[in-house]
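Each chain is listed here by its residues.
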Amino acid sequence: MLLIELEGLREAVEEQAVAVSEVCMRQKAREVRRAKTEDERALLWKGRKMAFAALGRVSPSYYTQDGVVPRSKIPGVLQHIGEVGKKYGLIIGNVFHAGDGNLHPLILFDMRNAEQFEMVLAASRDILQYCIDVGGSITGEHGVGMEKRDMMRQLFTDEELDVMISLRNAFNGEEVLNPEKMLPMPRMCREIMGASQNAVLAREGM
Amino acid sequence: MSTTTTPVRFLRELREICGAGRVIDDPARLEQAQVLGVTPAVAVEPASTEEVAAVLSFANAQGLSVVPAGGFTQQQTGNTPQAIDVLLYTTRLTDVEHYDPGDLTIGIGAGWTIAQLSSKVGADGLLFAGDAPLPERATIGGLLATGMTGPLRHGYGGLRDYCIGIKFVTGDGRKGKGGGRVVKNVAGFDMMKLLIGSQGTLAIITGASFKLFPAPRQTSTFVAGFATAAEAIQYRNTVMRSPLSPMCLELVSPQAGALLPGGGRSGKVWSVYLRASGSDAVLARYRSELGTAIALEIDGHDEQEAWRAIEDFSHTLPERYPDSVLISLSLPLADVQPVLDDLESVAASNNLMSAAIGTVGVGRLLAGLWPAGEPANLSAAVSAFRDRLPRDASASVLHCPDKMRSQAAAWEKTPTHSDSMKAVKHALDAKDILNRGRFLF
């Protein structure tokens, strides 16, 4: 289901509504329903906002991703997510910002099942890898913490990361703020690393 | 003025990097590439990010000063360069990294001109919203480095809103990148916002990705005239509180209007130019909402010509009045009218003429001052005007007479976080080879 909201002058919205309807039907939509009242409009959006919570009824836990693909790659990525679900034996729902290509695949699982949890992480990496391969990103809204830190190497070269690290060090050279987050340990230029990265290397005897 | 000869002994190395025909040491050509009266010792035309990186690594190792250049439309800003050992043209960086009209994004080299980019995406019914002056000459790299904006800023936002990826080489020769080619992306630091407006002092931008917009199918421009700036600003407020969402909303002062085609479309008055897009029904709604204040409606060729003149104003004024000072201001919306009043009163009490034009719905204003005829103390007037600016204003001098240039830096608002800025400069260009001495430090 595509939920499309139009905003603007009444005259413009009326024209766009007709155009949107025509495009949807041309693309083989089964039906195009239009909210007739403000209450109906609010209800549609309430449905969207409650979608994540509703999945709690299907499965005890879910894992959400935040990958992004160029807009024209949405059909391909949805097909790929379907295949990933089959490959790992997982149910994956998709509720996301289609106009931006910003995905939120919801991977359903049971936290008590450790083996399944590993599958979830593998499925998630698989999806993000697809996003990278088609020119997208590993995060559209929520940023990079520790979990995706090492995938930064697939978006940026060591030299590009090195530039970001030197900027970080200009403000936060001792890594007091959010240590070990966002930027992976570089494989080069040890002298400009932050304190915690040097500490990690020391721990590992490097 | 001064000509440096230092790097001539490095010609062989530069030729190895860029190719023999791409290193310019012909005095006549170098003379034509002066920046604020300073002749480069040598100029290079690298064809790729790799070549830019090799030139900067070499210059960094040798301590040579490097000035990046595109279409030479904004080189008149800033202080006089101490020396230009190497002028680095970005004009051969013209690759297309990605373009699928269905994505509404494009990634291109920094050497594309704005006009070339607009024409390419226009053929697919798309709009590039960067409308800086002199688009046939202005390059994408220069547009980003100077952070220039035009009237489309009102409806489409500034560069920071639609530049979604950037490639660059730091002063110490490292190849950097920020963002990518998708419209939402928060992986890594936002290098786009760091480099937009950094005036070529941190890195040389070699390419960028942009979000594009559907091009309007038809537009119309409504011109309203007012006796005073206060009335014109009141009209701005009325438009902004209405349901209308115009593409452009521009204020033109009487003296600025005199420099537009036809000497200003609404006579010796303050004009508000409003550009709207949409169907016949939408434009009819604009007519009814805007009411009797509209003195004129233009479309087609006349409309294009009017907006082009507004876009080019920052060049038209100094061409017409070489002794003028042109200041770019960014203001809180409520401060636009008081600043316009201050500009007029400073001009009146110093025997000067003044003109103002600006995207006043977002607080952008270009303010010009020039002698009315008799000798006038322009420098003192500009200082007085600057001192009256509100605390939250940002101001920079886009053009001033050469004899005043050494004082121009003092007119800039003092950066409140200069230590942080210096730390960033040191992180990316520790040897200070890029645009040395031209901006802030």
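Residues numbered from 1 in each chain as written. Chains lettered and ligands numbered in written order. Predicted model: local features only at pLDDT ≥ 70, side-chain atom pairs only at ≥ 80, totals over all residues.

## Considerations on the overall build of chain B
- Looking only at helices and strands, chain B features 17 helices and 19 strands.
- Computed over C-alpha atoms, the radius of gyration of chain B comes to 22 Å, within 12% of the 22 Å expected from 2.2 N^0.38 for 441 residues, which places it in the range of a compact globule.
- Projected onto the principal axes, the alpha-carbon positions of chain B cover approximately 70 × 55 × 40 Å.
- For chain B, contacts bridging at least 24 residues in sequence account for 72% of all contacts bridging at least 6. (Helix = DSSP H or I, 4+ residues; strand = E, 2+ residues; numbered from the N terminus. Rg over C-alpha atoms; globule rule 2.2 N^0.38 Å. Contact = placed C-beta atoms within 7 Å.)

## Regarding the interface of chain B and chain A
- Across the boundary between the two partners, chain B contributes 32 residues, which contact 35 residues of chain A.
- Contributing elements (two or more residues each) for the side of chain B that touches chain A: β5 (96-100), β9 (175-179), α11 (280-290) and α17 (418-428) of chain B.
- If one sorts the elements of the side of chain B that touches chain A by residue count, α17 of chain B sits on top with 4 residues.

## A word on the environment of Phe52 of chain A
Residues and elements named next belong to chain A.
- Secondary-structure assignment places Phe52 in helix α3 (residues 51-54).
- With 91 residues separating them along the chain, Phe52 and Gly143 place their C-alpha atoms 20 Å apart.
- The contacts of Phe52, once residues within four sequence positions are left out, are Val95 and Leu106.

## What to know about the sheet that holds strand β12 (residues 219-226) of chain B
All names here are of chain B.
- Strand order in the open sheet formed by 8 strands is β15-β12-β14-β13-β17-β18-β16-β19, and the pairing between neighbours is antiparallel. Each of the sheet's edge strands pairs with one partner strand only, and the pair in question is β15 (294-298) and β19 (394-399). Averaged over all pairs of adjacent strands, the angle between their axes in this sheet comes to 20 degrees, without regard to strand direction.
- With 5 bridges joining them, strand β16 (residues 325-330) and β19 adopt antiparallel strand pairing. By the bridge assignment for β19, Leu326 is matched with His399. (Pairing = 2+ DSSP bridges. Axes fitted to C-alpha atoms, helices over the stretch in contact; angles between N-to-C directions.)

## Some words on the sheet that holds strand β1 (residues 23-24) of chain B
Residue and element names in this part refer to chain B.
- Strand order in the open sheet formed by 4 strands is β1-β2-β4-β3, with mixed pairing between adjacent strands. Only two strands of the sheet have a single partner each, and these edge strands are β1 and β3 (66-69).
- Along the sheet face, helix α3 (residues 49-62) touches β2 (43-44), β3 and β4 (86-89) and points at about 165 degrees away from the line of β4.

## Some points on the nonpolar core
- Core analysis: the biggest nonpolar cluster contains 149 residues, and Val44, Leu88, Leu144, Leu195 and Ile205 of chain B have the highest contact counts within it.
- When neighbours within four sequence positions are excluded, Leu195 of chain B is seen to be in contact with Leu144, Ile166, Phe168, Leu202, Ala203 and Ile205 of chain B. (Core = buried A, V, L, I, M, F, W, Y, C linked by C-beta atoms within 7 Å. Buried ≥ 20, exposed ≤ 12 C-beta atoms within 10 Å, placed from the backbone.)

## Let's talk about the environment of Pro254 of chain B
All names here are of chain B.
- Note on placement: Pro254 falls in helix α10 (residues 254-257).
- Spatially, the C-alpha atom of Pro254 lies 17 Å from that of Asn351, the residues being 97 residues apart in sequence.
- Once you skip the residues sitting within four places of it in the chain, Pro254 turns out to touch Lys268, Val269 and Trp270.

## Points about the pairing of strand β13 (residues 248-252) of chain B
Residue and element names in this part refer to chain B.
- Most of β13 sits out of view: 5 of its 5 residues are buried.
- Of the two faces of β13, the one carrying Cys248, Glu250 and Val252 and the one carrying Leu249 and Leu251 are both buried.
- By the bridge criterion, 5 bridges tie β13 to strand β14 (residues 270-277) in an arrangement that is antiparallel. Directly across from Cys248, in β14, lies its bridge partner Arg275.
- In this structure, β13 lies alongside strand β17 (residues 352-358), joined through 2 bridges in antiparallel fashion. Paired with Leu251 across the two strands is Gly358, which belongs to β17.

## Some words on helix α7 (residues 158-172) of chain A
- Taking 1.5 Å of rise per residue, the 15 residues of α7 of chain A would be expected to cover 21 Å, and the 20 Å separating its terminal C-alpha atoms lies within 8% of that figure.
- Those residues of α7 of chain A that sit buried are Glu160, Leu161, Asp162, Val163, Met164, Ile165, Ser166 and Leu167 of chain A.
- The inward-facing, buried residues of α7 of chain A contact α6 (152-155) of chain A together with β8 (163-170), β9 and α17 of chain B. (Expected span 1.5 Å × (residues − 1).)

## Some points on the environment of Ala123 of chain A
Residues and elements named next belong to chain A.
- Mapping Ala123 onto the fold places it in helix α5 (residues 114-133).
- The class of Ala123 is buried, set by 23 C-beta atoms lying within 10 Å.
- Between the C-alpha atoms of Ala123 and Gly173, which are 50 residues apart in sequence, the distance is 35 Å.
- Filtering out sequence-adjacent residues up to four positions away, Ala123 remains in contact with Val84, Tyr88, Leu90 and Ile107.

## Details of the domain arrangement of chain B
Residues and elements named next belong to chain B.
- Split into domains, chain B comes out as domain 1 (6-89), domain 2 (96-214), domain 3 (219-311) and domain 4 (313-411).
- On a C-alpha basis, the centres of domain 1 and domain 2 stand 23 Å from each other.
- Contact with domain 1, which involves 14 residues of that partner, is made by 22 residues of domain 2.
- Among the elements that take part in the side of domain 1 that touches domain 2, α3 stands out by supplying 6 residues, more than any other.
- Considered class by class, the residues forming the side of domain 1 that touches domain 2 number 6 nonpolar, 8 polar and no charged. (Domains from an automatic or database assignment. Nonpolar A, V, L, I, M, F, W, Y, C, P; charged D, E, K, R; others polar.)

## Some thoughts on the packing of helix α9 (residues 229-241) of chain B against helix α14 (residues 336-349) of chain B
Residue and element names in this part refer to chain B.
- At their nearest, the axes of α9 and α14 sit 10 Å apart, and the two run at 160 degrees to each other. The angle between α9 and α14 places the two elements in the roughly antiparallel class. When you trace α9 past α14, the crossing you get is right-handed. Touching Ala229, Ala230 and Ile233 of α9 are Val336, Gln337, Leu340 and Asp341, all from α14.
- Across the contact of α9 with α14, the residue classes break down as 5 nonpolar, 1 polar and 1 charged. (Parallel < 35°, antiparallel > 145°, perpendicular 65-115°, else oblique. Left-handed = near helix turned anticlockwise from the far one by under 90°.)

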